[in-house]
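Per-entry structural report
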Amino acid sequence: MAEIRLEGIEFFAYHGHHDEERVTGNKYSVDILIRTNLSNACKSDSLEDTINYANIYKIIKDEMAKPARLLEHLSHRINTEVLNSFSEILLVESSVSKFNPPLGGICKRATVITSLKR
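Now for a description of the structure that goes with this document. Computed from a predicted structure; not experimentally measured.

1. Let's talk about the overall build of the protein
A count of helices and strands for the protein gives 4 helices and 4 strands. The order of α-helices and β-strands along the protein, N terminus first, is β-α-β-α-α-α-β-β. In terms of its C-alpha atoms, the protein occupies a principal-axis envelope of roughly 50 × 25 × 20 Å. Buried positions account for 39% of the 118 residues belonging to the protein. The long-range fraction of contacts in the protein, counting pairs at least 24 apart against all pairs at least 6 apart in sequence, stands at 58%.

Laid out in structure tokens, this is it:
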């Protein structure tokens with residue numbers, strides 16, 4: 001088994017519990033970890049034998065474009081779409097961070113990490 005990680009994917013998006021957050025938007029970061037068998041790709045050096053990172057990015061981008069109230073929900077949606085799109089994935093874990101969340105004090109970011117396995 002091997003891992004693919006995409007880290008620090010940044011977006012400006014419109015998520016949040018408060019209506020104002022879904023109007024003004026905020027900066028978000030997504031990290032994703034995928035566990036799968038990469039032995040064919042290791043031998044062949046061919047993109048067809050692995051999971052194309054651009055396809056994973058597109059799924060994340062599409063999900064980030066759909067408003068959500070909770071980071072938990074957003075992370076779960078990303079995991080579900082990735083797992084459903086690639087039968088060879090055994091586990092997917094996503095970390096979604098909101099920068100400067102409206103907590104009434106200083107907080108660089110709030111992060112939720114969820115995972116799904118086959």
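That shown, we press on.
2. So, helix H4 (residues 71-85)
When the terminal C-alpha atoms of H4 are compared, their 21 Å separation across 15 residues agrees well with the 21 Å that a helix rising 1.5 Å per residue should span. For H4, the set of buried residues is Leu71, Leu74, Ser75, Arg77, Ile78, Asn79, Val82 and Leu83. Lining the buried residues of H4 we find strand S2 (26-36), helix H3 (53-64), strand S3 (89-99) and strand S4 (109-117).

3. Some details on the pairing of S2
Counted residue by residue, S2 has 8 buried out of 11 residues, so it is predominantly covered. Direction of pairing for strand S1 (residues 2-13) relative to S2: antiparallel, over a ladder of 10 bridges. In the strand pairing of S2, Ile4 is matched with Ile34. In the sheet, S2 pairs with S3 via 9 bridges, with the strands oriented antiparallel.

4. Quick look at the side chain of Glu21
Here Glu21 is to be found in helix H1 (residues 19-24). Given the relative accessible area of 12%, Glu21 is considered buried. For Glu21, the side chain forms a polar contact with the main-chain nitrogen of His17, separated by 3.1 Å. Within the structure, Glu21 has its side chain in polar contact with the backbone nitrogen of His18 (distance 3.0 Å). Not counting the four nearest positions on each side in its chain, Glu21 is found in contact with Tyr14, His15, Gly16, Lys98 and Pro102.

5. A closer look at the nonpolar core
Residues Ile32, Ile34, Ile56, Ile60, Met64 and Val82 are the most contacted members of the largest nonpolar core, which totals 26 residues. Those elements that place two or more of their residues in this core are S1, S2, H3, H4 and S3. Every residue in contact with Met64, bar those within four places of it in the chain, is listed here: Phe11, Ala13, His15, Tyr28, Val30, Leu74 and Ile78.

6. A short note on the sheet that holds S1
Pairing is antiparallel across the open sheet formed by 4 strands, whose spatial order is S1-S2-S3-S4. Among the strands making up the open sheet, the edge pair consists of S1 and S4. The average angle at which neighbouring strand axes cross in this sheet is 15°, direction not considered. Each of S1 and S2 is contacted by H3, which is oriented at about 35° to S1, the strand it contacts most. Its contacts with the sheet place H4 against S2, S3 and S4, and it is angled at close to 35° to S4.

Thresholds, definitions, all that
- Residues numbered from 1 in each chain as written.
- Predicted model: local features only at pLDDT ≥ 70, side-chain atom pairs only at ≥ 80, totals over all residues.
- Heavy atoms only, no water.
- Helix = DSSP H or I, 4+ residues; strand = E, 2+ residues; numbered from the N terminus.
- Buried < 20%, exposed > 50% of the residue type's maximum accessible area, 1.4 Å probe, protein only.
- Contact = heavy atoms within 4.5 Å.
- Expected span 1.5 Å × (residues − 1).
- Pairing = 2+ DSSP bridges.
- Polar contact = N/O pair within 3.5 Å; in protein donor to acceptor, adjacent residues only side chain to side chain.
- Core = buried A, V, L, I, M, F, W, Y, C linked by side-chain atoms within 4.5 Å.
- Axes fitted to C-alpha atoms, helices over the stretch in contact; angles between N-to-C directions.

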